[in-house]
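# Descriptive structure summary
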Amino acid sequence: MSNRVIVEGLDEVIETIKKAGELPQKCVNKAAKKGIQIAKKSAKNGRWVDQTGYLRKAIKEKAEKTKIKGKKVYDLWPDPSYNDVFVKTSKAGKRAYYPASIEYGFKTKSGGYVPGFKFLHNSLTDNKSQIENAIVKTLADEIDKL
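### What about the overall build of the chain?
On a plain count of helices and strands, the chain comes out with 7 helices and 6 strands. Start at the N end of the chain and walk to the C end: the helices and strands fall as α-α-α-β-β-α-β-β-α-β-β-α-α. Within the span of the chain, comprising 146 residues, buried residues form 25% of the whole. By sequence separation, contacts in the chain at least 24 residues apart represent 49% of the contacts at least 6 residues apart. For the chain, the computed accessible surface area is about 11000 Å², with 55% contributed by carbon and sulfur atoms.

Spelled out as structure tokens, the structure:
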């Protein structure tokens with residue numbers, strides 16, 4: 001007695017996979033944008049304190065320019081239009097960038113170290129599965145539309 005498995009609709013699955021290989025760039029862009037929006041929302045609602053509110057307003061996503069079809073990368077970063085607020089110069093002429101100090105930490109005048117909040121990094125790592133699910137769901141919806 002032989003074990004036989006009959007798969008119905010295999011031709012449709014193969015056709016769908018072929019179409020996915022030719023997925024339009026706008027589908028990839030849409031999926032990546034959905035994922036970065038989750039991280040952006042998390043970064044803006046983080047546990048770190050921003051009394052002025054400028055840092056929350058300044059968090060933007062920036063799309064990386066690429067010539068590779070089927071690839072889209074977004075970065076979270078502080079908007080440079082707020083640099084007049086964020087860049088501080090000490091009497092000694094040293095410059096300090098507020099968002100970097102909050103993210104990575106800074107040294108104090110007495111030689112101590114204040115660790116950073118890692119709010120941008122944590123917004124990505126803490127929501128990794130949520131971001132992945134949103135990207136996969138959006139891509140699946142776009143493939144179904146095709």
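### Some points on the nonpolar core
Judged by nonpolar contacts, the single largest core of 15 residues is most densely connected at Ala43, Ile59, Leu76, Phe119 and Leu120. Secondary structure elements with two or more residues in this core: helix H2 (25–44), helix H3 (54–58), strand S2 (74–78) and helix H6 (119–125). If one sorts the elements of this core by residue count, H2 sits on top with 4 residues.

### A word on the packing of aromatic side chains
In the structure shown here, the tally under the stated rule is 4 aromatic pairs. Ring centres 6.2 Å apart and planes at 25 degrees place the aromatic pair Phe86 and Tyr98 in the stacked group. Remark: Tyr98 occurs in helix H5 (residues 98–104) and Phe86 occurs in helix H4 (residues 83–86); sequence separation between them is 12 residues. The buried category is assigned to Phe86, whose relative accessible area is 2%. Overall, Tyr98 belongs to the partly exposed group, its relative accessible area being 29%. In this structure an aromatic cluster arises from ring pairing among Tyr54, Tyr82, Phe86, Tyr97 and Tyr98. In this structure, Lys62 packs its charged tip against the face of Trp77, placed 5.0 Å from the ring centre. The residue whose ring lies beneath Lys72 is Tyr74, and the NZ or CZ to ring-centre distance is 5.8 Å.

### A few points about the environment of Ala134
Its place among the elements puts Ala134 in helix H7 (residues 128–145). For Ala134, a relative accessible area of 19% gives the class buried. With 103 residues separating them along the chain, Ala134 and Ala31 place their C-alpha atoms 7.3 Å apart.

### Re the pattern of salt bridges
The tally for this structure, following the rule as stated, stands at 6 salt bridges. We note a salt bridge from Glu142 to Lys30, for which the minimum N-O separation is 3.0 Å. Of this pair, Glu142 sits in helix H7 while Lys30 sits in helix H2, placing them 112 residues apart in sequence. Look at Lys30 and you get partly exposed, because its relative accessible area is 37%.

Each value, and the rule that gives it
- Residues numbered from 1 in each chain as written.
- Predicted model: local features only at pLDDT ≥ 70, side-chain atom pairs only at ≥ 80, totals over all residues.
- Heavy atoms only, no water.
- Helix = DSSP H or I, 4+ residues; strand = E, 2+ residues; numbered from the N terminus.
- Buried < 20%, exposed > 50% of the residue type's maximum accessible area, 1.4 Å probe, protein only.
- Contact = heavy atoms within 4.5 Å.
- Areas by Shrake-Rupley, 256 points an atom, 1.4 Å probe, with all protein chains shown as cover.
- Core = buried A, V, L, I, M, F, W, Y, C linked by side-chain atoms within 4.5 Å.
- Phe/Tyr/Trp six-rings, centres within 6.5 Å; stacked < 30°, edge-to-face > 60°.
- Lys NZ or Arg CZ within 6 Å of the ring centre and 35° of its normal.
- Salt bridge = Lys/Arg side-chain N within 4 Å of Asp/Glu carboxyl O.

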